[in-house]
Amino acid sequence: MNFFYLLKYLFIYYLLFSCNSLKNKDVDLNTNLIYDYHLYLNPIINDSLTSKIVFDSGANGFYLDSLFSSKMCGKAKISSFYVSGVGEKKQKISILNDSVEVDFNNEKRIFGNVPILNLKRIIGSDVNGLIGNSFFSNNVVMIDYKQQKIEVFKEKSQLELNSFFSFPIKKNLKKEMIVNLKLVIDDNDFEGEYLIDTGSPQLITFTNKFSLLKNLDTISNKKFYFSNNYGIGGRSEGYSFSKKMIILNDVKIYNPVFDFSVDNSGSLNSNDYEGIIGNRFLENFIVVIDYKNDVLYLKPNYLNNKLEDNYISRYIGFSAINYNYFGNGWLVSVLFDDGKNGGIEIGDIVLKVNDVNVKDVVLRRDFHKLFDKYSNQLEILRKNKIIRIIYKKAEY
């Protein structure tokens, strides 16, 4: 579950885009977001608390981070309620007795019996909660990754959708959004059912079962990764691999990097779909989700269709999350073969990169950009000891 920046387009282009996309200004909700591998929104909680909430279309309802929830009225009680997600284990969670009001620009929803998760340790220090599809039920949602905006409409007639590709949405028992996509990867057919998940920072992650069907384990340039804190389900393992191109309806995304899971349980071992579509795929489109009629609309925006910085975490050999709430650094949460061979360990907290203190770095993308050399000097906190290493980036 992560966000970008990119308000770099000319004002006249934005005006043209608005005219082409919207028939009128009857918008029920219009708010900015931050995109940094996840989609971050900033609602007001219970009339007074500012927050940073991840929009996760792979989830339903509303979840609070355990540390953020301690600021709120009411007590949380421990229950036998378990929740599963990416990863092999289920996590026992608490429930907040009180109702919670979520306010986006005076568009309010009230949630009761709110689950509490350790989201800061999964997504990063600045995350306060997670909101799923139920907030937008019976509405039409447009996500503009390039302009970093989300707009919510009462009817799809408020949008001009003739230039969009449309895909019927099927719901499984968990009410997850699944669509059939005719994907072609380097001339190979990968058509199938895919879960649309704005809570995933990846491009596409194929399930264990589909990867076996497609013999993905025979790919020569694959790189093994693992994490003890991967999503809600904890430990997860898999492989990452690169290809030249992926095509959907003649839209081409170059130099993509995919993942496939070897998990034997959890959402990456599901029979309901072949893979999970994440933000690194969706960012190439203007995304419209019609919750009323269960239709997904996509229109190319070419934000990053060449993916010049595609999956920098793969190239540096590990992925890290902002851990500044707990200490002045970034926590290594996902480790690839190259990172392990370079001296990095899961649980390391990176304090400095090439003498740059990372305590004030908020965005994951900005953290990755610090690795601007092949050989990098790192200062790391490991098991309460500060060590220094020369770390060489991975290469595909």
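Residues numbered from 1 in each chain as written. Predicted model: local features only at pLDDT ≥ 70, side-chain atom pairs only at ≥ 80, totals over all residues. Heavy atoms only, no water.

(A) The arrangement of the overall build of the chain in detail. Along the chain, the regular secondary structure elements total seven helices and 36 strands. Of the roughly 17200 Å² of accessible surface on the chain, 49% is carried by carbon and sulfur atoms. (Helix = DSSP H or I, 4+ residues; strand = E, 2+ residues; numbered from the N terminus. Areas by Shrake-Rupley, 256 points an atom, 1.4 Å probe, with all protein chains shown as cover.)

(B) Main features of the packing of aromatic side chains. In the structure shown here, the tally under the stated rule is 25 aromatic pairs. Ring centres of F104 and F135 lie 4.9 Å apart, and the angle between their planes is 75 degrees; on these two criteria the pair is classed as edge-to-face. Here the residue F104 occupies a position in strand β10 (residues 100–104), and F135 occupies one in the loop between β13 (129–131) and β14 (140–144), the gap between them amounting to 31 residues. As far as the burial class goes, F104 and F135 line up, both buried. Pairwise contacts between aromatic rings join F190, Y194, F206, F210, F224, F226, Y239, F241, F258 and F260 into one cluster. (Phe/Tyr/Trp six-rings, centres within 6.5 Å; stacked < 30°, edge-to-face > 60°. Buried < 20%, exposed > 50% of the residue type's maximum accessible area, 1.4 Å probe, protein only.)

(C) Quick peek at the sheet that holds strand β19 (residues 183–185). Spatially, β20-β19-β25-β26 is the arrangement adopted by the four strands of the open sheet, whose pairing is antiparallel. Of all strands in the sheet, those with a lone pairing partner are β20 (188–189) and β26 (251–254), marking the two edges. Relative to β26, strand β25 (residues 245–248) runs antiparallel, the two sharing four bridges. Bridge pairing in β26 links I246 to I253. (Pairing = 2+ DSSP bridges.)

(D) Spotlight on the pairing of strand β12 (residues 114–117). Burial along β12 is two-sided: the face carrying V114 and I116 and the face carrying P115 and L117 are both buried. As paired elements, strand β7 (residues 62–65) and β12 share two bridges and run parallel to each other. Across the sheet, the residue bridging to D65 is L117, located in β12.

(E) Examining the confidence of the model for the chain more closely. Per-residue confidence for the chain gives a mean pLDDT of 82; residues scoring 70 or more make up 81%. A low-confidence stretch, residues 1–26 (pLDDT under 50), is modelled with 74 contacts involving residues beyond four sequence positions or located in other chains. Scored below 50 in pLDDT, residues 306–312 shows 23 contacts in the model against residues more than four places distant or in partner chains. (pLDDT = per-residue confidence, 0-100. Contact = heavy atoms within 4.5 Å.)

(F) Focus on the nonpolar core. Core analysis: the biggest nonpolar cluster contains 58 residues, and F62, L183, I204, F206 and F281 have the highest contact counts within it. By size, the runner-up hydrophobic cluster in this structure holds 19 residues, among which are F226, F318, V353 and Y391. (Core = buried A, V, L, I, M, F, W, Y, C linked by side-chain atoms within 4.5 Å.)

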